[in-house]
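Read off the chains here:
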Amino acid sequence: MATYEGMEVDQELVDVIRVMGKAEEYRERLQALQSVWDSLTLLGHLSGTATDMSDTRIAFQQLSGSLLNQLARETLKKTTLAMKSKAQVAVDIMVRNLFERTADIGFLAMDDDVRAYLSRFAPLKSRVIGEEARLERERSDASLLIQFREYVQKYSVYANIILLDVDGNVLLQLDENNPVQRSTDALIAESLTSTHAYVETFRHSDLQPAQPNSLIYSYRVTSADGQNNLGVLCLCFRFANEAERIFSNLVEAEDWSVVTLLDQHGTVIASSDAFHIPVGATVSHHPERDWSVARFAGRRYLSVTRATQGYQGYMGPGWYGHVMLPLDHAFNHEETRLQEAAIPENALAAVMSNPRLFSDALREIPCHAAKIQRALNRSVWNGNVSQKSDNKALNPAFSKILLWEISNTGLKTQDVFDQSISNLHQTVVSSILQDSQFQAALAIDIMDRNLYERANDVRWWALSSVFRRALSKSPVDTAALREIAKTLVHINGLYTVYDNLVVFDHSGRALAVSNAIYQEFCGQVLGEEWVRRTLSLSDSQSYAVSDFVPSPLYQERHSYIYAAAIRDQSVEQNIVGGIGIVFDAAPQFAAMLNDALPHNENGEVPAGCFGVFADRERRIIASTMDKLTPGMTLELEEHFFRIGSGERRSGIAVFNGHYYAVGACMSKGYREYKGTRDAYRNDVVALIFVPLGEYRQDGHKDQMPVRSRLQNAETQTTSPGGESLEIATFYVGQHWLGIPTEYVVESIDVKGLTSVPGAGESLLGYIMFHDKLISVVGLWGMLDKESQRRSSHEPQIVVLRLGGKNDMLIGVMVDELGEIPEIPLERIEKVSPMLSNGNILAESLVKPSAGKSSREMIVILSPERLRRKFMNITE
């Protein structure tokens with residue numbers, strides 16, 4: 001532990017607590033009250049009130065340190081969790097994208113047209129060729145460049161495609177402005193000899209001399225038998241462009257955080273704010289820690305570093321997601337969280353009692369504060385009672401005021417505790433709502449990015465010369481069918497997100513599949529409506545997608561099937577068939593949602609959290625909750641499904657008997673997918689559910705009513721020289737009761753109360769009081785039928801001396817102590833003893849003061865009637 005401004009806090013919090021606005025505000029208020037306690041304690045000793053405040057002062061001081069420590073911990077936890085989420089998303093989204101690129105290079109390097117081009121022209125690069133050969137070369141260049149252009153039109157993540165011979169000579173490239181003609185980059189030799197399926201290079205390369213760093217995927221192109229290397233194919237990824245797209249979804253306009261990607265050495269390779277944290281800078285990074293405070297360019301930052309979780313076994317180039325937040329702005333969001341959000345009181349009550357949202361230590365602080373206040377109230381109450389019989393006080397009037405101030409200061413102190421915890425509850429719920437929106441936006445972004453690749457894949461594969469050549473002949477011969485099937489199996493091996501690939505002819509008859517379990521469909525006409533749409537597509541950029549319905553091509557499970565037309569090799573306008581790719585929806589969508597769920601400080605998904613993809617009609621597409629299956633209707637408020645493209649929304653909903661913070665985000669597409677030039681429209685909403693607590697309509701039923709403080713008001717009504725009676729008041733159920741202070745000994749705690757089996761309804765048990773055993777009774781059953789003891793509230797015992805031959809002492813259990821006002825006698829009106837055959841305990845009533853808004857009356861109990869009522873119990 002360490003000392004901060006006179007309070008003990010955890011050592012790790014010292015660097016950050018001073019910039020936490022709310023924690024500082026409460027510290028200042030508590031320390032100001034602590035000074036008041038010091039003064040009141042001294043005055044109490046000097047005045048002789050017999051009320052020692054030392055224990056109360058120390059108890060509140062210790063609790064203040066605990067409160068400050070817990071507030072700082074919770075504030076830091078929420079901030080760092082949000083930073084971790086951003087850092088994790090930044091690196092994982094990039095790695096997911098790069099995983100697709102590793103499959104792209106493997107497939108394109110085996111393209112028959114690329115292989116044929118290299119076989120024909122790579123050996124001629126260093127030779128002088130004739131006019132006819134030159135013209136043929138130009139025609140082949142133009143043809144392959146058209147193919148490359150088609151590829152980049154679909155896969156717009158690439159900036160350039162470069163084809164080289166084995167010596168590093170550039171034979172063909174898409175970017176006409178790139179001056180490179182020959183390369184000596186080591187990636188060429190590595191691509192020709194690597195035993196892996198791809199070569200991934202990120203650094204400066206002479207293949208793109210204008211770029212400080214390039215991300216290039218390369219691989220060798222071999223002869224058909226794989227024995228001879230013909231050249232090297234390179235796909236140049238638009239890394240900076242993609243990083244900018246990722247960052248734009250993570251950093252909002254008023255966000256001070258800088259999201260970066262780091263290489264293995266901690267060098268910044270991409271930054272959401274290059275003027276703040278520039279590319280090329282080296283920063284302190286600690287992936288093994290939850291968070292750290294680091295210095296950069298003369299400023300202190302809260303920083304978080306996360307390694308990738310990988311995707312489908314691919315771990316990327318070894319990069320980190322790294323978020324830096326200027327320390328002096330790190331906790332600004334605590335002031336501006338969604339405090340205006342409509343949070344039902346019952347939902348807040350559920351949050352307060354949820355151990356998964358708050359530590360036991362934090363949830364116990366209000367209970368400890370209330371306990372200290374009850375003890376203080378009892379001490380002050382007893383001090384006031386003793387004023388009549390104890391004349392040690394130097395100035396009784398001053399002592400009364402001092403006792404009032406002591407009690408009032410206690411209430412103010414408890415109010416700071418209650419207010420700070422209440423504000424924290426509000427902030428946490430608002431934070432959860434905002435975070436659930438963020439996670440929903442992440443889920444839908446992952447989905448859009450993934451399905452973008454599916455739309456690209458099917459259109460590119462439809463251009464395969466293997467498929468076009470085979471289907472351009474009718475009928476398709478057996479050898480061609482085997483070649484189609486072999487190609488499909490090879491593709492499916494590279495792209496594992498598909499359950500099956502199918503090629504069909506112009507009549508919709510299935511010719512070949514990649515997954516042997518669907519072999520029975522070969523030779524059958526596929527009657528699904530997406531097949532008909534595919535066979536009438538207008539051009540190579542067009543594609544068709546099935547509705548999300550069960551399909552025999554996916555074992556009657558729900559999925560999307562993406563399809564594109566295969567066109568005649570000679571006559572482009574003629575459609576000779578199509579290819580359908582069956583997305584493996586069940587595990588893929590579940591994985592997307594699981595990756596988007598929030599994680600706690602231990603990296604685990606909090607219990608009860610779940611995610612859903614659904615359409616605008618509330619039909620479920622996928623869910624991480626087992627009982628919510630595809631095709632079901634999700635029982636959730638309509639407004640979550642009526643948001644615009646890319647729009648986010650959050651709110652509190654009741655689902656399955658629990659309150660949930662629900663974040664929603666509608667799909668908006670990615671790059672060209674679902675964009676303005678894409679005819680495909682399919683609105684999907686991602687929903688993230690975070691449990692807040694159990695739903696209870698009667699959440700506040702057991703709470704005691706808030707009582708106003710009336711002592712000063714009552715005392716002030718006494719006219720100069722007028723007679724008055726001092727009444728010690730207390731509450732039993734909803735009843736405000738009192739008894740003249742001369743009959744009150746003191747109030748004590750219930751600790752030590754022992755119940756006796758077989759005792760009557762009124763006798764609650766016995767307790768030792770100053771070495772004497774006294775009876776403790778309850779009045780709830782005597783007041784009215786509805787009045788009952790509050791199980792959620794700690795009661796107290798008022799010890800009364802009722803006189804009689806044995807000087808009867810008895811304890812009365814009460815729910816709460818009241819004030820001890822001096823009541824003018826003219827406001828006290830006797831109750832007729834003839835009512836209820838004289839069995840009522842009330843002796844008189846105190847009429848409300850004239851002009852006062854409250855019409856509640858104090859019921860003054862009769863000491864004599866109490867003595868007669870309980871005489872048998874005490875004897």
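All of these numbers come straight from a predicted model, not from anything done at the bench.

Student: Kindly report on the sheet that holds strand S24 (residues 684-694), identifying the contributing residues and their values.
Tutor: Strand pairing in a sheet takes place through backbone hydrogen bonds and is either antiparallel or parallel in direction. Strand order across the open sheet formed by five strands is S21-S20-S24-S23-S22, with antiparallel pairing between neighbours. Single-partner strands in this sheet number two, and they are strand S21 (620-623) and strand S22 (648-655). Strand-to-strand, the axes of this sheet are offset by a mean angle of 25°, without reference to chain direction. With eight bridges connecting them, S22 and strand S23 (residues 658-666) associate as antiparallel partners.

Student: Go over helix H15 (residues 585-596), please, and point to the residues and values.
Tutor: Between the first and last C-alpha of H15 there are 16 Å, a value that for twelve residues agrees with the 16 Å anticipated at 1.5 Å per step. Restricting attention to buried positions, one finds in H15 the residues Ala 585, Gln 588, Phe 589, Met 592, Leu 593 and Ala 596. Angularly, the buried residues of H15 cover 130° about the axis, an arc narrow enough to put them on a single face.

Student: Got a sec to walk through the packing of helix H3 (residues 54-108) against helix H7 (residues 239-248)? Specific residues and values, please.
Tutor: Two elements in contact, H3 and H7, have axes whose closest approach is 10 Å; the angle formed by their N-to-C orientations is 135°. Judged by the angle between their axes, H3 and H7 are oblique. At the point where H3 passes H7, the crossing takes the right-handed sense. Contacts between H3 and H7 involve Ala 90, Ile 93, Met 94 and Asn 97 on the former and, on the latter, Phe 239, Glu 242, Ala 243, Ile 246 and Phe 247.

Student: Outline helix H6 (residues 186-193), listing residues and values.
Tutor: Buried within H6 we find Leu 187, Ile 188, Ser 191 and Leu 192. Each buried residue of H6 lies within a common arc of 135° when the element is viewed along its axis, so the set occupies one face. Exposed residues on H6 whose side chains face more than 90 degrees from its buried face are Ala 186 and Thr 193. Lining the buried residues of H6 we find strand S3 (158-164), strand S5 (199-203), strand S6 (214-222) and strand S7 (229-237). Its side-chain oxygen 2.9 Å from the backbone nitrogen of Leu 187, Asp 185 forms the N-cap of H6.

Student: A description of the pattern of salt bridges should follow, citing residues and the corresponding values.
Tutor: Applying the stated criterion across every chain yields a total of 37 salt bridges. We note a salt bridge from Arg 203 to Asp 185, for which the minimum N-O separation is 2.6 Å. Here Asp 185 lies in the loop between strand S4 (170-173) and H6 and Arg 203 lies in strand S5, a separation of 18 residues in the sequence. Given a relative accessible area of 8%, Asp 185 falls into the buried group. Notably, a salt bridge pairs Glu 242 with Arg 449, separated by 2.2 Å at the nearest N-O pair. Placement of the pair is Glu 242 in helix H7 and Arg 449 in helix H11 (residues 396-461), with a sequence separation of 207 residues. Given the relative accessible area of 8%, Arg 449 is considered buried. Via salt bridges that share partners, Glu 242, Asp 445, Arg 449 and Arg 671 belong to a single interconnected network.

Student: Kindly report on the sheet that holds strand S9 (residues 268-271), identifying the contributing residues and their values.
Tutor: The antiparallel open sheet is built from five strands, whose spatial order is S9-S8-S12-S11-S10. Of all the strands in the sheet, just S9 and strand S10 (292-296) have a single pairing partner and so form its edges. Going from strand to strand, the sheet's axes swing by 35° on average, the running direction of each strand aside. H3 contacts strand S8 (258-262), strand S11 (299-307) and strand S12 (320-326) of the sheet and is inclined by roughly 50° relative to S11. Contacts from H7 reach S8 and S9, with the element oriented near 55° to S9.

Student: Quick one: what's the story with the pairing of strand S28 (residues 763-769), residue by residue and with numbers?
Tutor: Of all seven residues in S28, five are buried; the element is thus mostly enclosed. Hairpin geometry of S28 and strand S29 (residues 772-778) is characterised by an intervening segment of two residues between the two adjacent antiparallel strands and by a positive phi of about 50° at His 770.

Student: Summarise the packing of aromatic side chains; cite the residues concerned and give the values.
Tutor: If you walk through the whole model with that rule in mind, you get 32 aromatic pairs. Both rings, one in Phe 589 and one in Phe 613, keep their centres 5.8 Å apart while their planes meet at 70°; by these two values the pair is edge-to-face. Within this pair, whereas Phe 589 is found in helix H15, its partner Phe 613 is found in strand S20 (residues 610-615), the two being separated by 24 residues in sequence. Among the residues examined, Phe 613 registers a relative accessible area of 0% and is labelled buried. Each member of the aromatic cluster is reached from another via a ring pair, and the members are Phe 548, Tyr 560, Phe 583, Phe 589 and Phe 613. The ring of Tyr 554 carries the charged tip of Arg 557 above its face, separated from the ring centre by 3.9 Å.

Student: Describe in detail the nonpolar core, supporting the description with residues and values.
Tutor: Counting residues in each nonpolar core, the largest one holds 178 residues, and the members touching the most others are Trp 461, Phe 467, Tyr 560, Tyr 562, Ile 579, Phe 589 and Phe 613. The element contributing the most residues to this core is H11, with 22 residues. Formed by 34 residues, the second largest nonpolar core is a distinct cluster that contains Ala 728, Ile 739, Val 776 and Val 798.

Student: Explain the pairing of S24 residue by residue, including any values.
Tutor: The side chains of a regular strand alternate, first on one face of the sheet and then on the other. Counting buried residues in S24 gives ten out of eleven residues, a clear majority hidden from the surface. Bridge analysis of S20 against S24 gives six bridges, and the strand direction is antiparallel. Residue Gly 611 lies in a different strand from S24, and its bridge partner there is Ile 688. In terms of strand pairing, S23 meets S24 through nine bridges, oriented antiparallel. Paired with His 658 across the strands is Glu 694, a residue of S24.

Student: I'd like a description of unusual backbone geometry, backed by residues and values.
Tutor: At the junction of Ser 474 and Pro 475, the peptide bond is cis and its omega measures out at 0° in the coordinates. Note that Pro 475 resides in the loop between helix H12 (465-471) and helix H13 (478-494). A positive phi angle, near 50°, is found at Arg 671, a position not held by glycine. Within the secondary structure, Arg 671 is located in the loop between S23 and S24.

Student: Give a description of the environment of Gln 519 that names residues and reports values.
Tutor: Tracing the backbone shows Gln 519 in the loop between strand S14 (510-513) and helix H14 (529-534). A residue is classified by how much of its surface remains accessible, and Gln 519, at 45% relative accessible area, is partly exposed. The sequence separation of Gln 519 and Val 502 amounts to 17 residues, and the corresponding C-alpha distance is 9.9 Å.

Student: Report on the side chain of Glu 528, specifying residues and quantitative values.
Tutor: Looking at the element boundaries, Glu 528 is found in the loop between S14 and H14. No salt bridge is formed by the buried Glu 528. Its closest oppositely charged neighbour is Arg 533, at 9.0 Å. Reaching out from Glu 528, the side chain makes a polar contact with the side chain of Trp 530 at a distance of 3.0 Å. The residues touching Glu 528, leaving out its near neighbours within four places in the chain, are Ser 551, Pro 552, Leu 553 and Ile 561.

Student: I'd like a description of the confidence of the model for the chain, backed by residues and values.
Tutor: For the chain, the mean per-residue pLDDT works out to 86, and 89% of the residues sit at or above 70. In the model, residues 335-340 has pLDDT below 50 throughout and makes 13 contacts with residues more than four positions away in sequence or in other chains. Every residue in residues 708-718 scores below 50 in pLDDT, and together they form 26 contacts with partners more than four places removed in sequence or on other chains.

Parameters at a glance
Residues numbered from 1 in each chain as written. Predicted model: local features only at pLDDT ≥ 70, side-chain atom pairs only at ≥ 80, totals over all residues. Heavy atoms only, no water. Pairing = 2+ DSSP bridges. Helix = DSSP H or I, 4+ residues; strand = E, 2+ residues; numbered from the N terminus. Axes fitted to C-alpha atoms, helices over the stretch in contact; angles between N-to-C directions. Expected span 1.5 Å × (residues − 1). Buried < 20%, exposed > 50% of the residue type's maximum accessible area, 1.4 Å probe, protein only. Arc of directions from axis to C-beta. Parallel < 35°, antiparallel > 145°, perpendicular 65-115°, else oblique. Left-handed = near helix turned anticlockwise from the far one by under 90°. Contact = heavy atoms within 4.5 Å. Polar contact = N/O pair within 3.5 Å; in protein donor to acceptor, adjacent residues only side chain to side chain. Salt bridge = Lys/Arg side-chain N within 4 Å of Asp/Glu carboxyl O. Phe/Tyr/Trp six-rings, centres within 6.5 Å; stacked < 30°, edge-to-face > 60°. Lys NZ or Arg CZ within 6 Å of the ring centre and 35° of its normal. Core = buried A, V, L, I, M, F, W, Y, C linked by side-chain atoms within 4.5 Å. Lys, Arg positive; Asp, Glu negative; His and termini not counted. pLDDT = per-residue confidence, 0-100.

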